[in-house]
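# Examination of the molecular architecture
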Amino acid sequence: GAVVSQHPSWVICKSGTSVKIECRSLDFQATTMFWYRQFPKQSLMLMATSNEGSKATYEQGVEKDKFLINHASLTLSTLTVTSAHPEDSSFYICSALPGQTYEQYFGPGTRLTVT
Amino acid sequence: AQTVTQSQPEMSVQEAETVTLSCTYDTSESDYYLFWYKQPPSRQMILVIRQEAYKQQNATENRFSVNFQKAAKSFSLKISDSQLGDAAMYFCAYRILNYGQNFVFGPGTRLSVLP
């Protein structure tokens with residue numbers, strides 16, 4: 001149980017285009033989802049907290065107009081990187097929390113490469 | 001500020017031996033959860049072990065155990081009978097017991113297992 005999927009697992013896009021990453025909780029309802037960014041050989045950096053039915057809460061320094069987060073249902077959150085640039089290339093990981101629990105379940109991550 | 005420190009960027013252990021990864025954290029809260037996550041080369045984050053701060057007994061999961069010293073704000077991970085599959089990045093993290101609060105991650109320790 002407690003499986004989280006991400007799609008796509010790997011995407012290459014051209015500079016200036018937008019790309020959408022989906023995060024789905026497959027066998028539970030997630031009121032809260034987190035979006036992380038991870039640079040090579042570094043830790044996870046929290047980008048935003050996504051709560052179903054409300055606006056995402058972004059961490060300081062994260063551009064909300066560039067990284068659009070939508071948590072439209074209890075099983076789906078999306079991260080859209082708008083007008084992507086090479087510096088947005090990174091590994092993006094989502095996690096989901098089943099209801100009022102203390103534990104998060106991670107998706108497998110999405111590798112974004114912007115050329 | 002809430003922080004997690006992992007003072008060992010890299011560690012190595014001989015197969016079948018025991019290794020301890022250190023973690024210290026800083027929080028003014030009294031109720032929180034502590035976690036160790038493993039990130040193998042696949043980059044899928046895997047929960048290794050968790051500890052509730054209100055529990056004095058150290059958590060154990062098969063070959064993995066923790067030494068939780070609340071007063072010292074220390075949470076080390078001991079891996080016994082190390083296996084080649086234990087090679088990974090290990091992240092220490094905590095979350096305070098107030099739903100909606102984020103997880104705070106340490107910088108990670110890269111563990112190599114030598115055959």
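Before going further, it helps to spend a moment on the overall build of chain A. Regarding its fold elements, chain A presents 0 helices and 11 strands. Each helix and strand of chain A, ordered N terminal to C terminal, gives the series β-β-β-β-β-β-β-β-β-β-β. Each principal axis of the C-alpha atoms in chain A carries an extent, and together these give about 40 × 25 × 25 Å. A total of 115 residues make up chain A; the buried ones form 50% of that total. Considering only contacts in chain A between residues 6 or more positions apart, those separated by 24 or more positions represent 55%.

This part covers the environment of A:T17. Residues and elements named next belong to chain A. Structurally, T17 is set in the loop between β2 (10-13) and β3 (19-25). Owing to a relative accessible area of 33%, T17 belongs among the partly exposed residues under this scheme. For the pair T17 and S83, spaced 66 residues apart in sequence, the C-alpha to C-alpha distance is 4.9 Å. If sequence neighbours within four positions are ignored, T17 has contacts with V81, T82, S83 and A84. A polar atom in the side chain of T17 sits 2.6 Å from the backbone oxygen of K14.

Interfaces are frequently sized by the accessible area removed from exposure as the parts join. If you look at the interface, chain B gives 20 residues, while chain A gives 23 residues. One can count 1 salt bridge joining chain B with chain A. A salt bridge links B:R50 to A:E103; the nearest nitrogen and oxygen atoms lie 2.6 Å apart. If you look at where chain B meets chain A, you find 8 residue pairs in polar contact (both at pLDDT 80 or more). Listed by contribution, the elements that provide at least two residues to the side of chain B that touches chain A are β5 (32-39), β6 (46-52), β10 (88-96) and β11 (103-105) of chain B. Counting residues per element, the side of chain B that touches chain A draws most heavily on β5(B), which supplies 4 residues. Here the side of chain B that touches chain A is built from residues that sort into 10 nonpolar, 5 polar and 5 charged.

Summarising the element assignment, B:Q39 is placed in strand β5. In this structure B:Q39 comes out as buried when scored by relative accessible area, which is 6%. Within the structure, the side chain of B:Q39 is placed 2.8 Å from the side chain of A:Q38, a separation counted as a polar contact. For B:Q39, the contacting residues outside a window of four places in its chain are A:Q38, A:I93, B:Q44, B:M45, B:A88, B:M89 and B:F91.

On to the packing of aromatic side chains, then. This structure, assessed with the given rule, holds 17 aromatic pairs over all chains. Look at A:F106 and B:F105: their rings are 6.4 Å apart centre to centre, the planes differ by 65°, and that puts the pair in the edge-to-face class. On the criterion of chain membership, the pair formed by A:F106 in strand β10 (residues 105-106) and B:F105 in strand β11 is interchain, its members lying in two chains. By the burial criterion, A:F106 is buried, and B:F105 matches it. Centre to centre, the rings of B:Y25 and B:Y94 are 5.9 Å apart; their planes meet at 50°, and the pair counts as tilted. A residue pair is termed long-range when its members are at least 10 positions apart, and B:Y25 in strand β4 (residues 24-26) and B:Y94 in strand β10 qualify at 69 residues. Cluster of aromatic residues (ring-pair linked, three or more members): A:F34, A:Y36, A:F106, B:Y33, B:F35, B:Y37, B:F103 and B:F105. Between the NZ or CZ atom of B:R43 and the centre of the ring of A:F91, over which it lies, the distance is 4.0 Å.

For the rest of this paragraph, the subject is the side chain of A:T82. Residue and element names in this part refer to chain A. Mapped onto the elements, T82 comes out in the loop between β8 (76-81) and β9 (90-98). On the basis of relative accessible area, T82 is assigned to the buried category, the value being 18%. Within the local environment of T82, its side chain forms a polar contact with the backbone oxygen of D65, the two atoms lying 3.1 Å apart. In this structure, T82 is in contact with T17, S18, D65, K66 and L68, ignoring residues within four places of it in sequence.

Note on strand geometry: in a regular strand, side chains alternate between the two faces of the sheet. Residues and elements named next belong to chain B. Taking every second residue as pointing to the same face, the buried face of strand β12 (residues 109-114) carries T109, L111 and V113, while none of R110, S112 and L114 on the other face is buried. Judged from the 5 bridges that link them, strand β2 (residues 10-14) and β12 form a sheet pairing that is parallel. Its bridge partner lying in β12, V13 is registered against V113. Taken together, the 3 bridges between β10 and β12 define a ladder with antiparallel strand orientation. What sits directly across from Y90, in β12, is T109.

Rules used throughout
Residues numbered from 1 in each chain as written. Chains lettered and ligands numbered in written order. Predicted model: local features only at pLDDT ≥ 70, side-chain atom pairs only at ≥ 80, totals over all residues. Heavy atoms only, no water. Helix = DSSP H or I, 4+ residues; strand = E, 2+ residues; numbered from the N terminus. Buried < 20%, exposed > 50% of the residue type's maximum accessible area, 1.4 Å probe, protein only. Contact = heavy atoms within 4.5 Å. Polar contact = N/O pair within 3.5 Å; in protein donor to acceptor, adjacent residues only side chain to side chain. Salt bridge = Lys/Arg side-chain N within 4 Å of Asp/Glu carboxyl O. Nonpolar A, V, L, I, M, F, W, Y, C, P; charged D, E, K, R; others polar. Phe/Tyr/Trp six-rings, centres within 6.5 Å; stacked < 30°, edge-to-face > 60°. Lys NZ or Arg CZ within 6 Å of the ring centre and 35° of its normal. Pairing = 2+ DSSP bridges.

This is a description of form; function is not addressed.
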